Amino acid sequence: MAVAENLQLVKALITNACSECERDPQTVQLVAVSKVHPKDHVRTALVAGHRRFGENRVQEALEKWPGLKAEFPDTCLHLIGSLQTNKVKEAVGLFDVIETLDREKLARRIQKECQEQNRDVGCYIQINTGEESQKGGCLPSKADEFISYCRHDLGLKILGLMCIPPIDEEPSLHFAFLRELARRHDLAGLSMGMSGDFETAVRFGATSVRVGTAIFGARP
Ligand SMILES: *Cc1c(COP(=O)(O)O)cnc(C)c1O
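Please read these numbers as outputs of a predicted model, since none were measured by experiment.

1. Digging into the packing of aromatic side chains
- If you walk through the whole model with that rule in mind, you get one aromatic pair.
- For the ring pair phenylalanine 53 and tryptophan 65, a centre distance of 5.1 Å and an interplane angle of 45° mean the geometry is tilted. Of this pair, phenylalanine 53 sits in strand 2 (residues 52–55) while tryptophan 65 sits in helix 3 (residues 58–71); the two residues are twelve residues apart in sequence, bridging distant segments of the chain.
- You can call tryptophan 65 buried: its relative accessible area is 0%.

2. Quick word on the layout of surface pockets
- Here the largest pocket is characterised by a volume of approximately 570 Å³.
- Together, 28 residues line the largest pocket, and Lys135, Ile164, Pro165, Met194 and Arg210 are the ones closest to its centre.
- A per-class count over the lining of the largest pocket returns ten nonpolar, eleven polar and seven charged.
- Computed from the structure, the second largest pocket encloses a volume of approximately 220 Å³.
- Only helix 1 (3–20) and strand 1 (29–33) provide two or more residues apiece to the lining of the second largest pocket.
- If you tally residues by element for the lining of the second largest pocket, the top one is helix 1, at three residues.
- For the lining of the second largest pocket, the per-class residue count stands at four nonpolar, three polar and one charged.

3. Remarks on the site of the ligand
- As a structural note, the neighbourhood of the ligand is formed by Val33, Lys35, Ile80, Ile164, Met194, Ser195, Arg210, Val211, Gly212, Thr213 and Arg219.
- Between the ligand and threonine 213, the relevant distance is 2.5 Å, taken from an oxygen atom to a side-chain nitrogen or oxygen of the residue.
- At a separation of 2.8 Å, an oxygen atom of the ligand approaches a polar side-chain atom of arginine 219.
- The protein chains hide 89% of the 390 Å² of surface that the ligand would expose on its own.
- Counting atoms within 2 Å of the grid points, the majority share of the ligand lands in the largest pocket.
- Of the residues that constitute the shell around the ligand, the class distribution is five nonpolar, three polar and three charged.

4. Examining the pairing of strand 6 (residues 158–162)
- Burial analysis of strand 6 places four of its five residues in the buried class, which makes it a mostly covered element.
- The pairing of strand 5 (residues 122–126) with strand 6 spans four bridges and is classified as parallel. The residue bridging cysteine 123 from the neighbouring strand is isoleucine 158, located in strand 6.
- Note that the unit made of strand 5, helix 6 (residues 140–153) and strand 6 has a crossover that is right-handed.
- As paired elements, strand 6 and strand 7 (residues 189–191) share three bridges and run parallel to each other. From the neighbouring strand, glycine 160 faces strand 7, where its bridge partner is glycine 189.

5. Quick notes on the nonpolar core
- Among the nonpolar cores identified, the biggest contains 62 residues, and Leu101 and Ile110 are the most heavily contacted of them.
- Ranked by residues supplied to this core, first place goes to helix 1 with six residues.
- When neighbours within four sequence positions are excluded, isoleucine 110 is seen to be in contact with Leu83, Val88, Val92, Ile98, Leu101, Cys123 and Leu156.

What counts, and at which threshold
- Residues numbered from 1 in each chain as written.
- Predicted model: local features only at pLDDT ≥ 70, side-chain atom pairs only at ≥ 80, totals over all residues.
- Heavy atoms only, no water.
- Phe/Tyr/Trp six-rings, centres within 6.5 Å; stacked < 30°, edge-to-face > 60°.
- Helix = DSSP H or I, 4+ residues; strand = E, 2+ residues; numbered from the N terminus.
- Buried < 20%, exposed > 50% of the residue type's maximum accessible area, 1.4 Å probe, protein only.
- 1 Å grid on protein atoms, 1.4 Å probe; cavity = no way out; pocket = protein on both sides within 12 Å on 5 of 7 lines; lining within 4 Å.
- Points joined across faces, edges and corners; volume = space filled by probe spheres on them.
- Nonpolar A, V, L, I, M, F, W, Y, C, P; charged D, E, K, R; others polar.
- Near = heavy atom within 4 Å.
- Polar contact = N/O pair within 3.5 Å; in protein donor to acceptor, adjacent residues only side chain to side chain.
- Areas by Shrake-Rupley, 256 points an atom, 1.4 Å probe, with all protein chains shown as cover.
- Sits in = over half its atoms within 2 Å of the grid points.
- Pairing = 2+ DSSP bridges.
- Right-handed = clockwise from strand over helix to strand, strands pointing away.
- Core = buried A, V, L, I, M, F, W, Y, C linked by side-chain atoms within 4.5 Å.
- Contact = heavy atoms within 4.5 Å.

Any functional reading would require information that these geometric values do not contain.
If you want it as structure tokens, here you go:
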């Protein structure tokens, strides 16, 4: 698997999409989604200089990452999969960013663990823009209240909003919706776009794209 070459290609595509819409490529983070992929593929990306990764399961990340983080201490690790409250302690200990904050109980647990572990974890609030029952994320109708609760009542470090559009819908509608919601709340961060649609997401203002397959190949 040509991980280093794929990384270069994805970065070039991000830069192209940025120039089309007159954005500075520095304003778009690339989160390399390494879930399921073995440690040596991840290390290849680290050796190539990449330092921002995403995992979707706490348990898998605990098996893979403590060693890699010790080797490459400036790595920034994002949790992009749903988080159960009984895993918050471990998640706050390992991850630098949690992208799947979507309910009050979880928000309170994250705040408590950040205090107890003296950790400064940034969060994205996940919005279930397609209102899909099988997906995590705060419903759009509850978003205003929940965003305000996280920021103002709990004082969590909210970096922005995240969404995963429904597989069978035009993603740009969801990207535009998320951008507008973030704008109304004066939130700078927009985590949206995956291998199939990250260039579109950049055109719609994504500040962070989560790309797995285009970097590490198909997941087994
Ligand atoms: C797996 C995953 C990705 C990456 O998907 P690819 O299509 O492989 O790029 C992005 N975001 C989330 C939330 C994921 O679970």
